[in-house]
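So you can see what is in the structure, the chains are spelled out below.
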Amino acid sequence: MGDQPIVARGLTKLFGDFTAVDGIDFQIERGEAFGFLGPNGAGKSSTMRMIGCVSPRTSGDLSIFGLDPSNDAAAIKARLGVVAQQDNLDEQLTVVENLVIYGRYFDLSRAEAKRRAAELLEFVQLTERSKSQVETLSGGMKRRLTIARSLINQPEVVLLDEPTTGLDPQARHILWDRLYRLKQQGVTLVLTTHYMDEAEQLCDRLVVMDGGRIVAEGSPRSLIDDHSSKDVVELRFEADQNEASAPALHGIGERMEVLPDRLLIYASDGEAALQEAHARGARPQSALVRRSTLEDVFLRLTGRNLVD
Amino acid sequence: MPSTIDRISASTSRTPSRRAIGRTWHHALHVVEWQLMAFRAVWRSSVLTSFVQPLMYVAGMGLGVGALVNRNASSTSALGGVRYVTYLAPGLLATTAMMVASMECMWPVLAGFKWQRTFHAMVASPLEPADIVLGEAIYVGLRSLLSAAAVAVALTIFPATRSSGLLLAVPFAGLCGLAFGMPIAAYAATRERDSAFPAMQRFVITPLFLFGGAFYPLKQLPVAAQALAKFAPLWHGVELCRAATLHRLQIGTAAVHVAYLLMWIAVGLVATVHSFRKKLLI
C-alpha cells in the first residue's frame, strides 16, 4: 500500500434515500495530483469528506495510509491537510494566530508552530499581513491562508475541495502556482473541481463523476483523446436558430452536439469542417475552431455541461 | 458486508482506554488554548462588566429595597436575620455565572458551526467532536469562575457584603454557570439560526434571574413557581453561594445541591457531544 495512500472499493454514501456516492472505486498514487471532476451534486464533496474522516461511509472499503477511517480517524487526520470548500478561518484571530493555533491541534510545540507559520506565510505570500485580522483579507488571500493552514502539519496528502471557486482569475493563477509548487515537493494533491481548466492545469489523473458514479478515468490528455475529437467547431446562430440549422450540417465531422446557445461539430480537422459548413450555406453569427477540452469530454459522457 | 460488520463490532467492543482518555484531555486543552487566544482580545471589557454590574445591583437594590426591608422585623427574619444587601449579594455570583455561561454557549457555538465554521476546521485536524466539547466545557467553566471572581472582588468593597465565604462561593457559582452552559450548548448546536436565542434569554434566563431565589426566599412564591425554580440549576447555585457567604453551610444539604448541579452538567455534556457529532460527522 506504500505507493497508494488512498484506495477505495465500492465506496458508498447514502443520505436517507439519496445516494450521494454510488459504489465508486479509485486509487490515488503517492505524489500525484488527482482530481474529481464533475458538476455540483456529483458526489465529489461527499467523497472528499469520507477521505477526510468527517463523514462515515455507508458501505464499501476505504483505506487511507493503510488505515480505516472508522477506526483510526485521528491517526489519519494527523497526516492529512484539508482545504474545505467553505472558508473556516477564525475571524477573531490574526492571520498568524490562525496558523499557530491550528499547529497546536497537531501537538506541535508553540515554538515549532510559530516557526512553521512564518515559513508558510512566506510560501503563500502573506508575510506582510501576518498581524492582520482575517476579516480584512480578500477572498484569494483567505484561500491562500487556508492552504497555508492545511500545511502546518507537513501533510503527506492535501485534500482541496473546490479550491478556487468564487475567486477572480488572477487569484486563481496565484493559487494554482502555489499548488503546483507543492506537487513538485512531492505532496500528493487530491482536489475536486467543476472547472475544466483547473483540472487540466493541475491534475495528472482524474475521474469524471456524475450522479455519484465515476463515468471515466485517465489523464486529461487521454480522456480527451478517448472521448472527444482533436478539434471542435463552435457555431452560433441567431437566437432559436441553432436547432433549425443542424440538419443542413449533418455528416460533417465525427459528431454534432446541439446546445441551446450554440452548435458543436467534433472533427479531427476543424478548419476543414468549418469550410464544409460554409460550403453548405451555413451563415452563423460567429464561428470558432478550438481544441477539445475536458468540458467536451464531460458533455459527451453525461450529455450535460459542467457549469450550469 | 464484512466491512460494516467489522465496524459495528469495533464500535461496540471499544471501551475507552486510559490512553484514549488521556488523548481527549490533551486535545481538549488545545481547544481551551484556542478560546483563551480569542478571549485575550476582549477580556478587559468582559471582566469589567462582571465587576461593575454587581456594584450597581448592590447599590440600587441594597440601598433602595434594602432600606424598606430592613425596617421590617418580620422581613428580616424571613431573610434569616441578616441585612437585605447581605442576603442579596451572594446570589449575584450565581446569576452572573449563569448569564455569562449562557451567552458563551449560544452565539459563539452557532458561530463555530455556521458563521465561522471553526468547529469544522477543528474536526479536520486530529481533534474529535468529544475533544472539542470537553474543551468548550473547560473554557465555559473558567469563564464562569472568572466572572464570579470579579463579582466576589466587587463585593469585598462593602463591609455588609464582605465575607471569607466568597472564596467558596466562587467555585459554587462556577458549577452553576456550567450547569446552564452545557445544556444550552447542546441545544445551540442543533440550531440553524440564532432566532431562538433572544427568546431563551427573555423566557428562561431573565425569569430565573428574577424568580430563582437570588432576590428573596423562594417561599414568597406560589408552590408551582417554587417547583419550577427548584428544577432549574440557578436556585441550587444561589443556595450554595449564600450558605457559603453567611457561613451556614451544611455538608448534607450542600452535597445535594452540588450533586444536582453536577447532574445538569453531566447530562448537558453527553447531549452536547451527541449534537456536536451529529453536526460535524455527516
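Residues numbered from 1 in each chain as written. Chains lettered and ligands numbered in written order. Predicted model: local features only at pLDDT ≥ 70, side-chain atom pairs only at ≥ 80, totals over all residues.

A few words on the overall build of chain A. The secondary structure content of chain A amounts to 11 helices and 13 strands. For chain A, the spread of C-alpha atoms along the three principal axes comes to 75 × 45 × 35 Å. (Helix = DSSP H or I, 4+ residues; strand = E, 2+ residues; numbered from the N terminus.)

Our focus in this paragraph is the confidence of the model for chain B. As a general rule, the predicted coordinates of low-pLDDT regions are not to be interpreted in detail. All names here are of chain B. Per-residue confidence for chain B averages 91 on the pLDDT scale, and 94% of its residues sit at or above 70. Counting interchain partners and residues more than four positions distant, the pLDDT-below-50 stretch residues 1–14 has seven contacts. Across the predicted assembly, pTM comes out at 0.90 and ipTM at 0.89. (pLDDT = per-residue confidence, 0-100. Contact = placed C-beta atoms within 7 Å.)

All names here are of chain B. At their nearest, the axes of helix α9 (residues 166–188) and helix α12 (residues 233–245) sit 8 Å apart, and the two run at 175° to each other. The angle between the axes of α9 and α12 places the two elements in the roughly antiparallel class. Touching Leu166, Leu168, Ala169, Phe172, Ala173, Leu175, Cys176, Ala179 and Phe180 of α9 are Pro233, Leu234, Gly237, Leu240, Cys241, Ala244 and Thr245, all from α12. Residue composition of the contact of α9 with α12, by class: 14 nonpolar, two polar and no charged. (Axes fitted to C-alpha atoms, helices over the stretch in contact; angles between N-to-C directions. Parallel < 35°, antiparallel > 145°, perpendicular 65-115°, else oblique. Nonpolar A, V, L, I, M, F, W, Y, C, P; charged D, E, K, R; others polar.)

This part covers the sheet that holds strand β7 (residues 188–193) of chain A. Residues and elements named next belong to chain A. One open sheet holds the six strands; their spatial order is β5-β6-β7-β3-β8-β9, and the pairing between them is mixed. The outermost strands of the open sheet, each flanked by one partner alone, are β5 (80–83) and β9 (213–218). Recorded for the sheet is a direction-independent mean angle of 15° between the axes of neighbouring strands. Note: strand β3 (residues 33–37) against strand β8 (residues 205–210), four bridges, orientation parallel. Each bridged residue has a counterpart across the sheet, and for Phe36 the counterpart in β8 is Val207. (Pairing = 2+ DSSP bridges.)

Before going further, it helps to examine the sheet that holds strand β2 (residues 18–28) of chain A. All names here are of chain A. Taken together, three strands build an open sheet; the order of strands is β2-β1-β4 and the sheet is antiparallel. Every other strand in the sheet has two partners, leaving β2 and β4 (59–64) as the edge strands with one partner each. Strand-to-strand twist in this sheet, taken as the mean axis angle between neighbours without regard to direction, amounts to 25°. Two elements, strand β1 (residues 6–15) and β4, share five bridges in a ladder whose sense is antiparallel. What sits directly across from Val7, in β4, is Ser63.

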